[in-house]
Amino acid sequence: MNPLFTPNIYQERRNKLSAAFPHGVALFLSNGESPVNYPANTYRYRQDSNFLYFFGLAIPNVVGVIDFEQNKSILFGDDFTIDDIIWMGDQPKMSDLATQIAAEEVRPLAELSSFLKGKSVHFTPPYRAENKIELARLLGKTLEELTPSVELIKKIVSLREIKSLEEIVQMVEANEIGAFMHKMVMKFCKPGATERQLFGIAESIALTMGDGTSFPIILSQNGQTLHNHDHSLTLEEGRLLVMDSGAENVMNYCSDHTRTLPVSGKFSTRQKEIYEMVYQANMAAIANCKPGIQNMENYKLAVTILTEGLQKIGLMKGNLEESVALGTHALFMPHGLGHQIGLDVHDMEDFGENYVGYDDTIQRSSIPGYRSLRMAKTLRPGHVITVEPGIYFIPHLIDIWKKEKKFEAFINYDKLENYKGFGGIRIEDSVLITEEGSRVLGTHLPKSVEEIETILQS
Ligand code: GLY
Ligand code: MN
Ligand code: MN
């Protein structure tokens, strides 16, 4: 069994949800085992994060129901039989599991469908096919008729996005594991090593110290591809290696760091120029994180620093303010500045990005660059967000924009030709917003040019 917080924590979370709803029930399906190539051969098990938040247990075949009218929680599930125990060993009884999370009642799964009949049932958007089918079966609806509850989504976001002290402790642990993954890769990063070896080192640390990675590791010399999951290359002198990875600790809290390393151990002059821009953007946006600041402002601050830097070396040109306002930087950074992080690496993205990163005070923009921002709203104490600016030279995108003469008053396409093959640079940390300001989670991970070169050469 996975470790749990004390039972009252789950009860208090459910009570807070209950307090917002006079009628109906909230239904939380656990995630099932997911088969690789036949039913008994399964992927690493991962519980649904909403289930973890309200019901804690990281096991399949259970359903959590919060009955808002009765203000009580019911755990639907069946005790294991001897036929299961032969294969699985001794298993806790449902009643013991319910005690561990302070659920008031246990009922067999067979009673769930009739229990739900006639009730107003709130549920979040299902993202696994099996759970879509199960929801449709339980509610007597077609897949198309399944309508997640917007009120439930909004209330859960308001609870989960403010991390409590006990959650921060877990997140710091996840960040320590994640930082160690990066440090070990830095130790072994040298010409002749393979991307696959470094990937294996990082993955094994996540599995040894925690519950595995928080998303498939991105580790590639082709860092211009934002989420490159190919690890087939051998490290070459003169290239840059982007590693974007995170761990889940044993309570499934996540980390997410990116570092970019010169394989040679030393940045070339050209690499250092671009690296410094991304580093300054990362540092300035982190320094600006505090309660009351809209994260959209942090994004603008970061892309202004990047645009100014690119203008200085002649890759961009024109009026700085105008350039930033138009989103011309989207050629170099076609992603946002970051996202909330918690029990999911992109926290609560199962609800859709707009419910998590936007609210009544800020709508998603349609301007290039700005439209990619996942987290735009005002920062509050307890938020944990990533800050991950980058500069990428994406040959296909450059070719398309150049052909369209897109923003040609602001981009020096001729000079840009020389940067095809440069790769990409991203630098990412996770930042907790505090009452006073903010702090980066976990032990400091080498980040400046000097720090990176020192660890690579040690
Ligand atoms: N998991 C990739 C990123 O958002 O950094
Ligand atoms: Mn990342
Ligand atoms: Mn991230």
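Everything in this summary refers to the structure shown in the same document. Values in this document were obtained by computation on a predicted structure and should not be read as measured data. (Residues numbered from 1 in each chain as written. Chains lettered and ligands numbered in written order. Predicted model: local features only at pLDDT ≥ 70, side-chain atom pairs only at ≥ 80, totals over all residues. Heavy atoms only, no water.)

In this structure, the largest pocket spans a volume of roughly 990 Å³. Lining the largest pocket we find 45 residues, and of these Ser 214, Phe 215, Pro 216, Val 345 and His 346 sit closest to its centre. The set of elements that each furnish at least two residues to the lining of the largest pocket consists of α9 (195-209) and β8 (212-213). At three residues, α9 tops the list of elements feeding residues into the lining of the largest pocket. In the lining of the largest pocket, the residues fall into 15 nonpolar, 15 polar and 15 charged. Estimated volume of the second largest pocket: approximately 740 Å³. (1 Å grid on protein atoms, 1.4 Å probe; cavity = no way out; pocket = protein on both sides within 12 Å on 5 of 7 lines; lining within 4 Å. Points joined across faces, edges and corners; volume = space filled by probe spheres on them. Helix = DSSP H or I, 4+ residues; strand = E, 2+ residues; numbered from the N terminus. Nonpolar A, V, L, I, M, F, W, Y, C, P; charged D, E, K, R; others polar.)

The coordination sphere of the manganese ion (ligand 3) contains the protein donors Asp 256 (OD), His 339 (NE2), Glu 388 (OE) and Glu 428 (OE), at a distance range of 2.0 to 2.2 Å. Given six donor atoms and angles of 50 to 159° at the metal, the environment of the manganese ion (ligand 3) is assigned as irregular. A distance of 3.1 Å spans the gap from the manganese ion (ligand 3) to the manganese ion (ligand 2), which Asp 256 bridges by coordinating each metal. In this pair, His 339 is assigned in the loop between α12 (320-326) and α13 (353-357) and Glu 428 in the loop between β15 (424-426) and β16 (429-433), connecting sequence segments 89 residues apart. (Donors = N, O, S within 2.8 Å, 3.2 Å for Na, K, Ca; no water. Tetrahedral: all angles 85-135°; square planar, octahedral: opposite > 155°, others 65-115°.)

Turning our attention to the environment of His 122. Note on placement: His 122 falls in strand β7 (residues 121-122). With relative accessibility at 10%, the residue His 122 sits in the buried group. For the pair His 122 and Gly 336, spaced 214 residues apart in the sequence, the C-alpha separation amounts to 31 Å. (Buried < 20%, exposed > 50% of the residue type's maximum accessible area, 1.4 Å probe, protein only.)

Any two packed helices are characterised by how steeply their axes cross, that is the angle between the axes, and by the distance between the axes. Relative to each other, helix α8 (residues 165-188) and α9 sit at 150°, their axes nearing to 9 Å. Judged by the inter-axis angle, α8 sits roughly antiparallel to α9. Judged by the twist between their axes, the crossing of α8 over α9 is right-handed. Taking contact as the criterion, the partners of Ile 177, Phe 180, Met 181, Met 184, Val 185 and Phe 188 in α8 are, on α9, Leu 198, Ile 201, Ala 202, Ile 205, Ala 206 and Met 209. In the contact of α8 with α9, the residues fall into 12 nonpolar, no polar and no charged. (Axes fitted to C-alpha atoms, helices over the stretch in contact; angles between N-to-C directions. Parallel < 35°, antiparallel > 145°, perpendicular 65-115°, else oblique. Left-handed = near helix turned anticlockwise from the far one by under 90°. Contact = heavy atoms within 4.5 Å.)

Interpretation in functional terms is not warranted from these geometric data alone.
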